[in-house]
Amino acid sequence: TERVRGSFRAAIDAATDDPARRTAIWRGYLAVENPSVYNPSESALRQLDDAIALGDLSIEQRGRLDALRAEYEAAYLSLSEKIVEESAGMVAGSDPESWREYQERAEAVEKIRFQRNERTEKARSEARRILGDELASRVRGLVPDEADAPSARGMEGFNPFRDDED
């Protein structure tokens with residue numbers, strides 16, 4: 001896998017002198033090679049794109065969403081690349097030293113995933129704030145589904161005063 005990555009990286013470098021284009025092609029390759037890392041459901045990019053595409057945004061809202069998307073995309077892609085780098089060649093060996101190294105790397109990957117997921121939720125939350133309730137409700141996946149809330153499933157939790165008449 002490392003040899004294939006190196007060959008592909010060399011081919012990208014030979015194909016274009018534009019650093020932005022090289023980065024975009026490389027990230028596209030990483031996304032295809034690592035679909036579990038670049039899972040669209042773990043990203044807020046689609047929701048941010050859909051929010052920006054709304055027709056009735058103010059100039060301020062559009063500008064704030066564009067800035068949020070640019071900042072989020074850079075963070076998401078950077079953290080995703082770190083996940084790929086950290087998990088490259090991760091194999092649990094049978095000897096204690098290999099197993100310890102595997103566990104340390106797996107823990108590092110989970111910490112990076114947690115950071116990325118936290119950043120994703122912050123981006124979604126900020127987009128909801130920028131849009132307001134009415135516009136945010138028009139962006140699929142931006143507003144948490146109330147049907148998933150415990151109270152909507154009849155699981156309101158313990159309430160010692162529920163039956164009190166006072």
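Structure report, in brief. (Residues numbered from 1 in each chain as written. Predicted model: local features only at pLDDT ≥ 70, side-chain atom pairs only at ≥ 80, totals over all residues. Heavy atoms only, no water.)

## Details of the overall build of the chain
- Tallying secondary structure elements over the chain gives five helices and zero strands in all.
- When the elements of the chain are put in sequence order from the N terminus, they spell out α-α-α-α-α.
- Put simply, the chain has 166 residues, and 28% of those count as buried.
- When contacts within the chain are restricted to residue pairs at least 6 apart in sequence, long-range pairs at least 24 apart make up 63% of them.
- Approximately 11,100 Å² of the chain is accessible, and the part contributed by carbon and sulfur atoms is 51%. (Helix = DSSP H or I, 4+ residues; strand = E, 2+ residues; numbered from the N terminus. Buried < 20%, exposed > 50% of the residue type's maximum accessible area, 1.4 Å probe, protein only. Contact = heavy atoms within 4.5 Å. Areas by Shrake-Rupley, 256 points an atom, 1.4 Å probe, with all protein chains shown as cover.)

## Considering the side chain of arginine 69
- You can see arginine 69 is positioned in helix H4 (residues 59-87).
- Once residues lying within four places of it in the same chain are set aside, the contact partners of arginine 69 are Leu45, Leu48, Asp49 and Ile52.

## Things to note about the pattern of salt bridges
- Inspection of every chain in the model, using the stated rule, returns 18 salt bridges.
- With a shortest N-O distance of 2.5 Å, glutamate 42 and arginine 116 are connected by a salt bridge. Note that glutamate 42 is positioned in the loop between helix H2 (19-33) and helix H3 (45-52) and arginine 116 in helix H5 (residues 96-136), a separation of 74 residues in sequence.
- Assessed through its relative accessible area of 0%, arginine 116 is described here as buried.
- One salt bridge in this structure joins glutamate 97 and arginine 100, with 2.4 Å as the shortest N-O distance. Remark: arginine 100 and glutamate 97 occur in helix H5; sequence separation between them is three residues, near one turn of the helix.
- Residue classification places arginine 100 among the partly exposed residues on the basis of a relative accessible area of 37%.
- Overlapping salt bridges bring together Glu60, Arg64, Glu126 and Arg129 as one network. (Salt bridge = Lys/Arg side-chain N within 4 Å of Asp/Glu carboxyl O.)

## Looking at the packing of H3 against H4
- Here H3 crosses H4 at 165°, and the two axes come no closer than 10 Å. Taken together, H3 and H4 sit at an angle that is classed as roughly antiparallel. Between H3 and H4 the crossing geometry is left-handed. Touching Leu45, Leu48, Asp49, Ala51 and Ile52 of H3 are Arg62, Leu65, Asp66, Leu68, Arg69, Tyr72, Glu73 and Tyr76, all from H4. (Axes fitted to C-alpha atoms, helices over the stretch in contact; angles between N-to-C directions. Parallel < 35°, antiparallel > 145°, perpendicular 65-115°, else oblique. Left-handed = near helix turned anticlockwise from the far one by under 90°.)

## Concerning the packing of aromatic side chains
- Under the defined criterion, the tally for this structure stands at three aromatic pairs.
- Judged by centre distance (5.5 Å) and plane angle (25°), the rings of tryptophan 99 and tyrosine 102 are stacked. With tryptophan 99 and tyrosine 102 both in helix H5 and three residues apart, the pair spans about one turn of that helix. (Phe/Tyr/Trp six-rings, centres within 6.5 Å; stacked < 30°, edge-to-face > 60°.)

## Quick look at the side chain of threonine 16
- Along the polypeptide, threonine 16 turns up in the loop between helix H1 (2-15) and H2.
- Among the polar contacts listed, one links the side chain of threonine 16 to the backbone nitrogen of aspartate 18, at a separation of 3.2 Å.
- Ignoring any residue separated from it by four or fewer positions in sequence, one finds threonine 16 in contact with Arg21 and Arg22. (Polar contact = N/O pair within 3.5 Å; in protein donor to acceptor, adjacent residues only side chain to side chain.)

## Points about H2
- Its 15 residues give H2 an end-to-end C-alpha distance of 21 Å, which sits within 8% of 21 Å, the value for a rise of 1.5 Å per residue.
- Every buried residue of H2 is listed here: Trp26, Tyr29 and Leu30. The buried residues of H2 all sit within an arc of 100° when viewed along its axis, so they share a single face. Counted as exposed and oriented over 90 degrees from the buried face of H2: Ala20, Arg21, Ala24 and Val32.
- Measuring from the side-chain oxygen of the N-cap residue of H2 to the backbone nitrogen of alanine 20 gives 3.2 Å; that N-cap residue is aspartate 18. (Expected span 1.5 Å × (residues − 1). Arc of directions from axis to C-beta.)

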